[in-house]
Amino acid sequence: MNVRIKGLMLGNSFFILAGSILVPVYALFSASIGAGVELAGLLFATKFVANAFADLIVLGIKDRVDFTELVYKLSMAVRGAAWIYLGLFPSIQSLLIVQIITGLAEGFGTPAFSSLFADSLDRNKHMKEWAIWDLIKNPLIAVGSALSGWLVANSSFEMLFYIMGTLAIIGSFIPIRRVSVASASKKYKAKAPRR
């Protein structure tokens, strides 16, 4: 596995852990700031509408490695800052703002990560390296989900958001080393068929 893949996995691991902390206790948080069941559902849906809007914008963007890396890192940092903001100002209005911001950031960040990851896969190891990523990602989601209830029970929603935001911002600073152009082109060069 090359160093670029390792950097992407490590950086995104911080973010995956951060993002998985809120989901199990989202409804409890919504109720704690005065949102009823229907409003909580609408606020949750808002994120995915914003995500889809960002995806529509991404459709028109041309691939450039430097730009893709910037989008990937900014998307994590922006979501981290949004979660910290929600910890500082917990309200229905803040949750609406954060759902829009994180939805937009995710709409840009997910394609950016997937593009960088796919471009960095080692030749003839694509399935293996995607499987390794799943083996890292899924236990992190399980840990974050289990940790969420414990954090709220032993601390507060505010602390939960501060931890989420900090983890996401740390992930955005993990360096992604470049794969040289020569090795990248060699890696994807198709073999000529035998005659």
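Placed above this text is the structure.
Residues numbered from 1 in each chain as written. Predicted model: local features only at pLDDT ≥ 70, side-chain atom pairs only at ≥ 80, totals over all residues. Heavy atoms only, no water.

K.L.:
How should the overall build of the chain be read in this particular structure?
P.N.:
Within the chain, the regular secondary structure consists of eight helices and zero strands. When the elements of the chain are put in sequence order from the N terminus, they spell out α-α-α-α-α-α-α-α. Reported as C-alpha extents along the three principal axes, the dimensions of the chain are approximately 70 × 35 × 30 Å. Per-residue burial for the chain yields a buried fraction of 38% across its 195 residues. Taking contacts inside the chain between residues at least 6 apart in sequence as the whole, the part at least 24 apart equals 87%. If you sum the accessible surface of the chain, you get close to 10,900 Å²; carbon and sulfur atoms cover 69% of it. Looking at the chain, you have 19 positive and 11 negative side-chain charges, and the mean spots of the two groups are 15 Å apart. (Helix = DSSP H or I, 4+ residues; strand = E, 2+ residues; numbered from the N terminus. Buried < 20%, exposed > 50% of the residue type's maximum accessible area, 1.4 Å probe, protein only. Contact = heavy atoms within 4.5 Å. Areas by Shrake-Rupley, 256 points an atom, 1.4 Å probe, with all protein chains shown as cover. Lys, Arg positive; Asp, Glu negative; His and termini not counted. Charge placed at Lys NZ, Arg CZ, Asp CG, Glu CD.)

K.L.:
Help me understand the pattern of salt bridges, please; the structure alone is not making it clear to me.
P.N.:
Opposite charge on two side chains allows them to pair when their charged atoms are near. For the structure shown, the criterion picks out four salt bridges. Where Glu106 meets Arg79, a salt bridge forms, and the shortest distance between an N and an O atom there is 3.9 Å. Here Glu106 is found in helix H5 (residues 92–120), whereas its partner Arg79 is found in helix H4 (residues 65–88), with 27 residues between them in sequence. Of the two residues examined, Glu106 and Arg79, each falls in the buried class. Its salt-bridge partner being Asp134, residue Lys137 comes within 3.3 Å of it at the nearest N-O pair. Residue Lys137 and its partner Asp134 are both found in helix H6 (residues 126–154); the two are separated by three residues, about one turn of the helix. When its relative accessible area of 32% is taken as the criterion, Asp134 is described as partly exposed. Within the structure, one salt-bridge network assembled from shared partners comprises Lys47, Arg79 and Glu106. (Salt bridge = Lys/Arg side-chain N within 4 Å of Asp/Glu carboxyl O.)

K.L.:
Which parts of the structure should I look at to understand the layout of surface pockets?
P.N.:
Quantified by volume, the largest pocket comes out at close to 610 Å³. If you trace the largest pocket, you find 29 residues lining it, with Phe15, Ile16, Lys47, Arg79 and Glu106 closest to the centre. Considering each element in turn, the lining of the largest pocket owes the most residues, eight residues, to H5. Class assignment of the residues belonging to the lining of the largest pocket gives a composition of 16 nonpolar, nine polar and four charged. (1 Å grid on protein atoms, 1.4 Å probe; cavity = no way out; pocket = protein on both sides within 12 Å on 5 of 7 lines; lining within 4 Å. Points joined across faces, edges and corners; volume = space filled by probe spheres on them. Nonpolar A, V, L, I, M, F, W, Y, C, P; charged D, E, K, R; others polar.)

K.L.:
What is the right way to read the side chain of Lys47 from this model?
P.N.:
On the secondary structure map, Lys47 appears in helix H3 (residues 37–58). Residue classification places Lys47 among the buried positions, given a relative accessible area of 18%. Reaching out from Lys47, the side chain makes a polar contact with the side chain of Glu106 at a distance of 3.2 Å. With residues up to four places along the chain from it excluded, the contact list for Lys47 reads Gln99, Thr102, Gly103 and Glu106. (Polar contact = N/O pair within 3.5 Å; in protein donor to acceptor, adjacent residues only side chain to side chain.)

K.L.:
Got a minute to help me understand the packing of helix H1 (residues 3–22) against helix H7 (residues 157–172) in this structure?
P.N.:
Relative to each other, H1 and H7 sit at 160°, their axes nearing to 7 Å. One way to sum up the angle between H1 and H7 is to call them roughly antiparallel. As H1 packs across H7, the resulting crossing turns out to be left-handed. Mapping the contact onto sequence places Gly11, Phe14, Phe15, Leu17, Ala18, Ile21 and Leu22 in H1 and Leu160, Phe161, Ile163, Met164, Leu167, Ala168, Ile170 and Gly171 in H7. Residues belonging to the contact of H1 with H7 are distributed by class as follows: 13 nonpolar, two polar and no charged. (Axes fitted to C-alpha atoms, helices over the stretch in contact; angles between N-to-C directions. Parallel < 35°, antiparallel > 145°, perpendicular 65-115°, else oblique. Left-handed = near helix turned anticlockwise from the far one by under 90°.)

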